[in-house]
Amino acid sequence: MSVDEAQVKKRPGKDAAGAQQPAKGHHGVAVVDPAYAFAAVTLLSFLTRYWKIWDPAQVVFDEVHFGKFASYYLRRQYYFDVHPPLAKMLIALGGWLIGYDGHFLFEKIGMEYVSNGVPYIMLRGWVAIFGFALPLLVYMIMAESGYSVVASLLAALLVTFDNALVTQGRLILLDNIMIFFMLAAVYSYIKFFKLRYKAFSTQWWTWLLSTGAMLGCVVSCKLVGLFTITLIGVAVLYDLWRIIDIRRGTTMAQFARHFVARALALIAVPFVLYLGFFYVHFAVLTHTGPGDAYHSSEFQMQLIDNPMTKSSFDVHYGDQVLFKHRDSGVYLDSTAARYPLRYEDQRVSSQGQQVTGSPDYSNSSYWVIKPTRDYEAFAEFVARRQAGEEIPKEDLDRWVVHNTDLVQIEHADTHTNLRTHDVASPLTATNMEFTTIALNDTEAFEDSVWQIKIDGANSNTTVLKTTSSFMRVVSHKYGVGMWTHGKKLPEWGHGHQEINGNKKPEEKTNIWTVAEIRGHTDSDEDQEALKKVPRLGFFAKYAELQGLMIKHNNALTSVHPFQSEPITWPLLTRGISFWTNSTDKKQIYLLGNPLGWWLSDCALFAYVVAMVGLELFDRRNIEVVDGVVRRHMARSTGFIAFAWFIHYFPFFLMGRSLFLHHYLPASIFAYMMLGACFQFFCFPEYQRFALRRWTDKARALLPSSAAAVIFVAVVAAQAAVFVFFAPITYGTASLTPEGIASRKWLPSYDLHFQK
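Residues numbered from 1 in each chain as written. Predicted model: local features only at pLDDT ≥ 70, side-chain atom pairs only at ≥ 80, totals over all residues. Heavy atoms only, no water.

**Q** Is there a simple way to explain the overall build of the protein chain in this structure?
**A** The number of helices and strands found in the protein chain is 22 helices and 14 strands. Overall size of the protein chain, expressed as C-alpha extent along the three principal axes, is 110 × 70 × 55 Å. With 755 residues in all, the protein chain has 55% of them scored as buried. Here the contacts in the protein chain between residues at least 6 apart in sequence split such that 75% fall between residues at least 24 apart. As displayed, the protein chain has an accessible area near 32,800 Å², and 60% of this comes from carbon and sulfur atoms. Taking the average place of the 69 positive charges on the side chains of the protein chain and the average place of its 66 negative ones, the gap between the two points comes to 14 Å. (Helix = DSSP H or I, 4+ residues; strand = E, 2+ residues; numbered from the N terminus. Buried < 20%, exposed > 50% of the residue type's maximum accessible area, 1.4 Å probe, protein only. Contact = heavy atoms within 4.5 Å. Areas by Shrake-Rupley, 256 points an atom, 1.4 Å probe, with all protein chains shown as cover. Lys, Arg positive; Asp, Glu negative; His and termini not counted. Charge placed at Lys NZ, Arg CZ, Asp CG, Glu CD.)

Dropping the structure here:
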């Protein structure tokens, strides 16, 4: 990763790059202290991230999500999100440290912080620490990789003055926290790799374990942290491939030690940390909250004050119950009203009794579940219950509704049985109409037989329970599932939702619950049943949540007005609107520094051309550059190029909605590539300027006045463009339509207030 230190050992008197070291006191030895460069990066990074961090004093972009999640942690209320918990727990930790109680839920963009008593400046300032550290880590990585002070400084300053990284780095968002751990993992691995000739020393183990810890943290912020794990994994495989070479004198026992050490530190440690953060996540979020409904009933019943835990009772035949659709929340309802003879598209209906989905329940929303067996015994059981007779538990258990039971469902108000038949439903012509029939209608009896299928049930002994059992109600004859959707019926349907038979009964939108048993009072048996709530262990909860995270992440396919394609990201063809203030004509628009991004694109292209050219010259046995320089370009700069690639290319394979901020990790490596190419093309005496450690003193800063001019020009231009776009980076200044137009460098920059 850095200039090969083996050469230092093999060539006494040579420096880290293989160049002859001048004698002690010789002109040029350790004359430049790079601490000034690091201090400059520190100061500028702090100023750019913390400048007017209190403005705007409103909820901005995804603060609406991640601020809310932090509040849920502080309230200890369960929520669901597609991202792992570490970054959100760190945000919550900042709130806890300053005494914030989570009373504000960040419900929509533009909500006021001050009037709601939110310590948003402290929260933003806490998150900004991670953004502030990014340029410092970039400098350290470049220096530890054997680049010069100036090349390291260039890459760090480019990151310092990147508008997109500044915007992300000063708000209550996740990306900069994740990028911090990404760069920390890369830095740790470089430090570890440089100690390869001191294998199994204390320092070697320290940096190896640090790498594993940082990898565990980055993937615990966002699953795209897997890209960083892949980066380090490939580098480790390359390292092991070198170690196993018999020409290096490595025995298989020694190789096994190296392999096991890396496996433990870089696989086991990240995985244990990942599990550990979820353990803390579950340990903190112990109370019912908005994320309950995503989970199984068994999961929900683990949460304190969850309705399923408080009111989950056995359903018996003869009970009058409310059927509630899980997704839309409507209740199965019916009245004496009839479907019209013809619908708006001129299709003919059955003119049967309407069955609809009502947003509120009433007397017309209760239904009686009846068996399709033992009619006389059932009638006797119902009569005993209606008479108020105390019924032994064994008799009650005989009439409990179980998974796969075949039942009839009677409408309690009109005394008719629920039916589906081969007639198209009102709004969905491909689905079957739901209606009711008279109790004594024997000809249509088969149309009124339903099978109860409890979601997740393993056998036909699973009991149907109120609130906690998720079930499908499937026609025994036709195989269609009872279903509803958000579209409202016309005026004749009283604004209710359509209920119909879905020909795909296994779809997740077919799920219903029994919300209530009419007239039910808690009995001693019920209270005893509550004490027997099945307990889910950590690994069961972890596995369920992982599956939901992956499923819902892949389902993020809805079109967003500011989504973009990965091919456009390096070209910076458009940004993302984060926040607007129509009164003062202010806005925050996520946009990278156009100059820096386009120069980085050129550097990536130049690196590929240079490496291809060097390979061609090598084929002809023509030495264009020194061997150490060539090796450094292939290994260290190649590592940076691969890091850019692995954090960018996988997005082309994703089917979900994507946004410009997904490119930010890759953009960091693109800036490093620009610094590396600056050194390669502008430093003829390459080895003389290389650093071994970021704290070392440099032998010289710049090889020529031309290199100095290029460095100053690039940094000044990057800073100037940053300042020019600052009004839409910080959202602190109003711009005239002319000012907006002047910043619309590409027609696709969809900025607000252009007129």
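**Q** What's the story with the layout of surface pockets in this structure? I'm lost.
**A** The rolling of a water-molecule-sized probe over the atoms marks out the regions of remaining empty space. Counted as a void, the second largest pocket has a volume near 840 Å³. Lining the second largest pocket are 31 residues, with Asp62, His65, Asp81, Leu556 and Arg656 positioned closest to its centre. The element contributing the most residues to the lining of the second largest pocket is helix α3 (residues 63-75), with five residues. For the lining of the second largest pocket, a count of residues per class yields 15 nonpolar, ten polar and six charged. (1 Å grid on protein atoms, 1.4 Å probe; cavity = no way out; pocket = protein on both sides within 12 Å on 5 of 7 lines; lining within 4 Å. Points joined across faces, edges and corners; volume = space filled by probe spheres on them. Nonpolar A, V, L, I, M, F, W, Y, C, P; charged D, E, K, R; others polar.)

**Q** How do you make sense of the pairing of strand β3 (residues 353-358) when you look at a structure like this?
**A** Sheet faces and side chains relate simply in a regular strand, where the side chains alternate between the two faces. The buried fraction of β3 is high, at six of six residues. Residues Gln353, Val355 and Gly357 line one face of β3 and the alternating positions Gln354, Thr356 and Ser358 line the opposite face, and both faces are buried. In terms of strand pairing, strand β2 (residues 331-338) meets β3 through five bridges, oriented antiparallel. Directly across from Ser334, in β3, lies its bridge partner Val355. (Pairing = 2+ DSSP bridges.)

**Q** Quick question: what am I supposed to make of the packing of aromatic side chains here?
**A** Here the distance between the centres and the angle between the planes together describe a pair of aromatic rings. What the rule picks out here adds up to 63 aromatic pairs. With 5.6 Å between their ring centres and 75° between their planes, Phe678 and Phe683 make a pair best called edge-to-face. Take Phe683: its relative accessible area is 2%, and that puts it in the buried class. Among the aromatic residues, those joined into a cluster by ring pairs are Phe227, Trp569, Trp597, Trp644, Phe645, Tyr648, Phe649, Phe651, Phe652 and Tyr663. Sitting over the face of the ring of Phe200, Arg257 holds its NZ or CZ atom 3.9 Å from the ring centroid. Just above the ring of Phe470 sits the side chain of Arg326; from NZ or CZ to the centre is 4.9 Å. (Phe/Tyr/Trp six-rings, centres within 6.5 Å; stacked < 30°, edge-to-face > 60°. Lys NZ or Arg CZ within 6 Å of the ring centre and 35° of its normal.)

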